[in-house]
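Next come the chains, spelled out residue by residue.
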Amino acid sequence: MISRKKSFYILLSCLGILILSMSVFAQLDPNPNSPTPVLLTDNPTGRAVASLAGKTPKSVVSSSQRAFAPNSDVILYVSDVELMEGEGHNAFRVIARDSQNRMYRFPVTGIDRIDKKKPVFALRVNLRDEIGFWPQPSPTGDLIVQVTWRGLASNKALLGFGKTGGLKFEPQSEKKADDDIPTTEYGAYRWDGDRKRFLEQATFGPTWELDQRVRRIGIRVWLAEQLAADYPSAGNPYPEFPLKPNNVQIGCPFPTNSPEYTQCRWDHYTQIPLMNWFFKEAFYGDPQLRHRVAWALSQLWVTSGQTIRQSSHMIAYHKILSQHSFGNFRDLMEDMTLNPAMGDYLDMVRSTENNPNENYAREILQLFTVGLFMMNQDGTLQLDGNNDPIPTYDQQTVNAFTKVFTGWTYCNTGCPNSTAGANNFKDPMVLIQSRHDDSAKTLLSYPNAVNENIAAGLDGNVELDLALDNIFHHPNVGPFVSKFLIQHLVTSDPTPAYIGRVAAKFNDNGFGVRGDLKEVVRAILLDPEARGDEKTDPQFGKLREPVQLVTNFYRHFNVVNEAGNGPSDGVVWQLPQSMSQLPFYANTVFNYYTPNYVVPGTSLLAPEFGIMNTGSSIARTDAATIMAFVPLEVDTRNPPLITAGTSINIDDLIQMSANDATGNELMDHLDRKMMHSTMSPEMRQAILTAMLTIPSSENDFRARTALFLIASSSQYQVQR
Amino acid sequence: MKESRRKFIKKAGCSLGMVTLATQVQHFGRMTALAQKMGERKGSLGGSGYKAIVCVFLGGGNDGNNTIVPNHNDSSVSNYSDYAASRSAAGLALSQASLLPITVPRMGNLQYGMNPAFGPQTGGNNGLHELWGTGKLAWAMNVGTLVAPMTKTEYQNNSVIKPSQLFSHLDQVNQFQAGRSDTFSFSGWGGRISDQMTPGSNPSGLIPMVTSIDGAALFTAGQSTQPLAIADSDTGLDEVLNPIGFGDDAISQARFQAYNDLRGMDLSNDYVAAASNVTDAAIEANSALATFEEVTVNFPNTSIGEQLHQVARLIKKSGDLSVTRQVFYTERGGFDTHNGQLTNQTNRLTEVSQAVRAFYDEMVVQGMANDVTVFLMTDFGRTMDPAGSGGNVGSDHGWGNHLFVVGDSVNGGDFYGENTSNGTPFPNLIIDGPDDATFSSNNARGRWIPTTSVEQYAATVARWFGLPENDMPSVFPNIGSFTNTNLGFMQ
């Protein structure tokens, strides 16, 4: 007798074959998977085949030397990889661990193909940690080394450092890494894991409908749609509020203890309307990718509701972010520079020739465009003769830009949105030439610098254009912006090769245009380092930022209002707030976390860990509890902050739990949905054990318990 | 189906209503402010030999030039006229009448003034100015990031290495908190003190030696030890790391077991392992914090007040926690006063003064005032030259700055630090003068070249704390560049 479950699977797979045979024609995406690299070893000992780097080897050579001195250049051998045109040594990393499990990263400085027929490459590796969290490893015994490439890890092997020995190590078969990758063809759908990962990178979380749609049309077609889609979605236009006076009591002429006053204050003098709109768009909007990129850009060109109080002010700012998310970075630079919220936040609006203010000049250079140090096009730092980084600019440059940005103010009369009694935060700032410092200036200096010297006596508008061009054409901008966006969408610590490929698109979109963010975003999402069914590189991925944690969870489970009969009101900002990320309320211009944050005790670049500590880790657990078990309830006070509430609809999960009292059907589903089928057997077993303590009659409770345990786990909280 | 969920909530023994938690957007505390379960009261004064240091970080860079102002006419050191000459026209000068007078032995008993924010507040306490008079508060003058001591000439001809990226927030905060400016550091001096002293002073490890009440700060990160980070006193210690929703019933316990077990799995991805490590530390500390005793003194209902309130609770509990040395980190942001400084700085310094005073008073009540020292840090000082004018007037990023230290072990009532160009620790206030870090008078803004390094200031605190002399170089690797490592403000 065939069990119900088994017959279900047979049906499912027949259906799958049918759909697959159709999708062969519709599905134009190439295979997203790269081959797993193999680090060649001396199989019995598990020791990496290695030799001191001298001349380029012509074949695999293992020298008689088995241990290598610190800072020496060593050849390791990698096979099975397929390199794209232009892909070189900076696509590879060598991760090493010592007997104390301290982590190091050795730079790969060269690569040569040494076999014309087989894809075998000699990697030149410098045995000097490039991260510097720990002192350099001591040359007292074996290290365990592993090569990573495109988010995939090779087998591990021993490498003698100073001398051999000192580590317990089970030799791994060279081919083992390959064999470990489970198949991810569920119901015979190809590349299910890759597609779900793609949606985590490009949206606020995969929904069932979106996942099905992308499966049918392919990620490239969907991307093209998204890059052309109207924004925001038709059902969720930007909230519109008039400009108000600075003084709340004048702007909200009601008794301060009245509901009218409270409502007026929330609407006009907080970012609550923007946050609610933002989450509704994230939950239900179609133009997900633009919403996602605009959110990322809001963490680059940071302003904050802690200073910018009126919702109308911040909404005008957000419109600029979203307008240029797929536009040109140069236009974004200009519109942001003249945006009154930015002008107020970083003081440009009050900077004059006689009373200059350096704030915007300093931060546009340091935080928004070029950064502190000269970079190579792959984002690595250029070093001088003493191995020190080379500053991009100095205080004199900041002084010069300070002068460039003098003389601008709100357009309080004569502009479309000028409003009596209020500062105009909707139209761009305007110049008062008499307050502008029009002395000659020396701006950023770099090879073939554009507009390095500005003549005296120019109109401030003209000068602003020249100065922004000077910044825009600085060679750092491409790698700086590319790395930032990769970190926000895909992985916290991308390889230089990945950064370099995206930066090349920034520098030239293929049609000679620099700064085309549409092509930058496309390049980020289609890069082989981002794509693939499973990522085995131990340093691939990123901690989900609180906003993503919340939106992904709710979108997984058909987010609805409290009553379950309509859409959520989007009032969920309390959840990310509890995890230190209240949207549009960053503590400082440095965002919630810096792009360069390194997890203490590791070598991992991990911006989001800047707000991951003992306290916020429990807040993340609590958020998982709330989202899984409790609706966000409609507010009974007057006025209500929460008007419809938020909850999840898990009728399908309850049914699965009822179908299969062992819990396995439900776990199969949740594994695919939430973790693109990377859940380990141990993890599944631990969850099942907890679930099965609940009586089988309580399928709702069982399902929610599983949701909580997955959502609160580090395995889920790291997007990878 | 709904029933079991309700049952769960009931089992969790608490209301998870979001509504009451959403009253204030600006509040960044934890959402789970559940009803406080006061633990059984028990005496828990730290044993003999207990010491704690408490960092109050003024985020954004407090303007030291309006924190301590000369209030005398002696022209041999900068006087009030020199101060007013730079700041009056733009409206940034404090009036002489408003200054809280202090007489300074180190300055030949000349009179200086503390910002009026340090005075008594109606409905609050007497503030910090009073502690100068009682000898419990000292000022370290013109402190800042340095690679080595440097004169204006050396600054101009680049003959001494400068700290990298002067006047930039992130970099200067990092250097201040790292306790070194000669190279980039992944750890802070509070964390490295913990690395050195944890084996001897916190062997039970119930909680880490370092606690931050303001999230991740480089100051608190060690190489081998990591800090506890908890929310402020809005949440009781018993709830601050206690995950919600777990009751004593078997189902809750099974869920809790699984939640804990999952953190030991799938550690091959380094991000997963890092996240699990953090949560592990939280759950361990939660057990140690299951009960606490409320403090006596009323703390102000401000961010910094509630942070220091939480610190005071932990100190009261230190005996229970078997830790004899503790390092705390608190922070009040908003000192980046490029505009609106007169209002903004005054308001924030008032909060700091009121909160630190309440904390000091509580330490007196606990009998710990001799054993606990509060010290200030901030990004940098600010330009003497105002930014903007009128109601919006502020100041830009500077360098050397004045920092206070408070406690009964402080040699209070005086200025400390190395001498500036005028032979005293108080800098010459002339823009483009001998203490101004400028290359040309064209761009002179009045950024004081520090005469006392962060390391000298920090080492003075650390030595009192009990950091052994031979561990100094581990905590302050560049300390050798400075001759005097004891500024004398600690007993």
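Predicted model, so just to flag it, every value in this text is computed and none were measured.

Parameters at a glance
- Residue indices follow the written sequence of each chain, beginning from 1 at its first position.
- Chain A is the first chain written and ligand 1 is the first ligand written, with later ones labelled in order.
- Only residues with pLDDT of at least 70 get local features here, since the model is predicted, and only at 80 or more are side-chain atom pairs given and counted; chain-wide, interface and lining totals rely on the full set of residues.
- Under the scheme used here, helices are H or I runs from DSSP no shorter than 4 residues and strands are E runs no shorter than 2 residues, and both carry numbers assigned from the N terminus.
- What the globule rule says is 2.2 Å times the number of residues to the power 0.38, and the radius of gyration is computed from C-alpha atoms.
- Residue burial here comes from a neighbour count, namely the number of other C-beta atoms, placed from the backbone, that lie within 10 Å of the residue's own C-beta, with 20 or more meaning buried, 12 or fewer meaning exposed, and in between meaning partly exposed.
- Two residues qualify as a contact pair if the distance between their C-beta atoms, derived from the backbone, is within 7 Å.
- A score between 0 and 100, pLDDT records how confident the predictor is in each residue.
- Directions drawn from the helix axis to the C-beta atoms are what define this arc.
- Classes in brief: Ala, Val, Leu, Ile, Met, Phe, Trp, Tyr, Cys and Pro nonpolar; Asp, Glu, Lys and Arg charged; the others, Gly included, polar.
- For two strands to be treated as a pair, DSSP must find at least two bridges joining them.
- Between N-to-C directions, angles cover 0 to 180 degrees, with each direction set by a line fitted to C-alpha atoms, over the stretch in contact for helices.

Caption draft 1: Main features of the overall build of chain A. In terms of regular secondary structure, chain A is built from 26 helices and 18 strands. A compact globule built from 720 residues should have a C-alpha radius of gyration of about 27 Å, and chain A, at 28 Å, falls within 12% of that. Projected onto the principal axes, the alpha-carbon positions of chain A cover approximately 80 × 70 × 50 Å. Looking at chain A residue by residue over its 720 residues, the buried ones come to 55%. Of the contacts made within chain A by residues no fewer than 6 positions apart, 67% connect residues no fewer than 24 positions apart.

Caption draft 2: Structural view of the confidence of the model for chain A. Residues and elements named next belong to chain A. Here chain A averages 92 in pLDDT, and 94% of its residues register 70 or above. Confidence drops under a pLDDT of 50 for residues 1–27, and excluding neighbours within four residues, the segment shows 16 contacts in the predicted structure. For the stretch residues 176–188, pLDDT sits under 50, and the model shows 26 contacts to residues farther than four places along the chain or on other chains.

Caption draft 3: Examining helix 11 (residues 329–337) of chain A more closely. Residues and elements named next belong to chain A. Among the residues of helix 11, those classed as buried are Phe329, Arg330, Leu332, Met333, Met336 and Thr337. All buried residues of helix 11 lie within an arc of 160° about the axis, which places them on one face of the element. Check the buried side of helix 11 and you find it contacts helix 10 (311–324), helix 12 (340–345), helix 13 (359–369), helix 15 (460–472), helix 16 (477–489) and helix 18 (517–526).

Caption draft 4: Local environment of the interface of chain A and chain B. The interface is formed by 80 residues belonging to chain A together with 72 residues belonging to chain B. Of all elements in the fold, only helix 13, helix 14 (395–404), strand 17 (542–543), helix 20 (574–578), helix 21 (614–629), helix 24 (681–691), helix 25 (699–711) and helix 26 (714–717) of chain A reach the threshold of two or more residues within the side of chain A that touches chain B. Per-class residue counts for the side of chain A that touches chain B are 31 nonpolar, 35 polar and 14 charged.

Caption draft 5: Region of interest: the environment of Asn236 of chain A. All names here are of chain A. As for its placement among the helices and strands, Asn236 is situated in the loop between helix 5 (219–228) and helix 6 (248–251). C-beta crowding within 10 Å serves as the criterion here: with 21 such atoms nearby, Asn236 is assigned to the buried category. Each C-alpha atom of the pair Asn236 and Leu167 lies 59 Å from the other, and the pair is 69 residues apart in sequence. Once you skip the residues sitting within four places of it in the chain, Asn236 turns out to touch Trp277, Lys280, Glu281, Tyr284 and Gly285.

Caption draft 6: Looking closely at the pairing of strand 11 (residues 394–397) of chain B. All names here are of chain B. Strand direction decides the pairing type here: strand 10 (residues 382–387) and strand 11, joined by three bridges, are antiparallel. Bridged to Pro386 within strand 11 is Ser395. In textbook terms, the turn of a hairpin is the stretch between consecutive antiparallel strands, and for strand 10 and strand 11 this stretch comprises six residues, one of which, Gly388, has a positive phi near 70°.

Caption draft 7: Expanded view of the sheet that holds strand 3 (residues 100–104) of chain B. Residue and element names in this part refer to chain B. Taking strand neighbours across the sheet as the criterion, the three strands line up as 2-4-3 in an open arrangement whose pairing is antiparallel. Each having just a single partner strand, strand 2 (68–70) and strand 3 make up the two edges of the open sheet. Here the average twist between neighbouring strands, direction ignored, is 40°. Judged from the five bridges that link them, strand 3 and strand 4 (residues 110–114) form a sheet pairing that is antiparallel. Among the inter-strand pairings, Leu100 is bridged to a residue of strand 4, identified as Met114.

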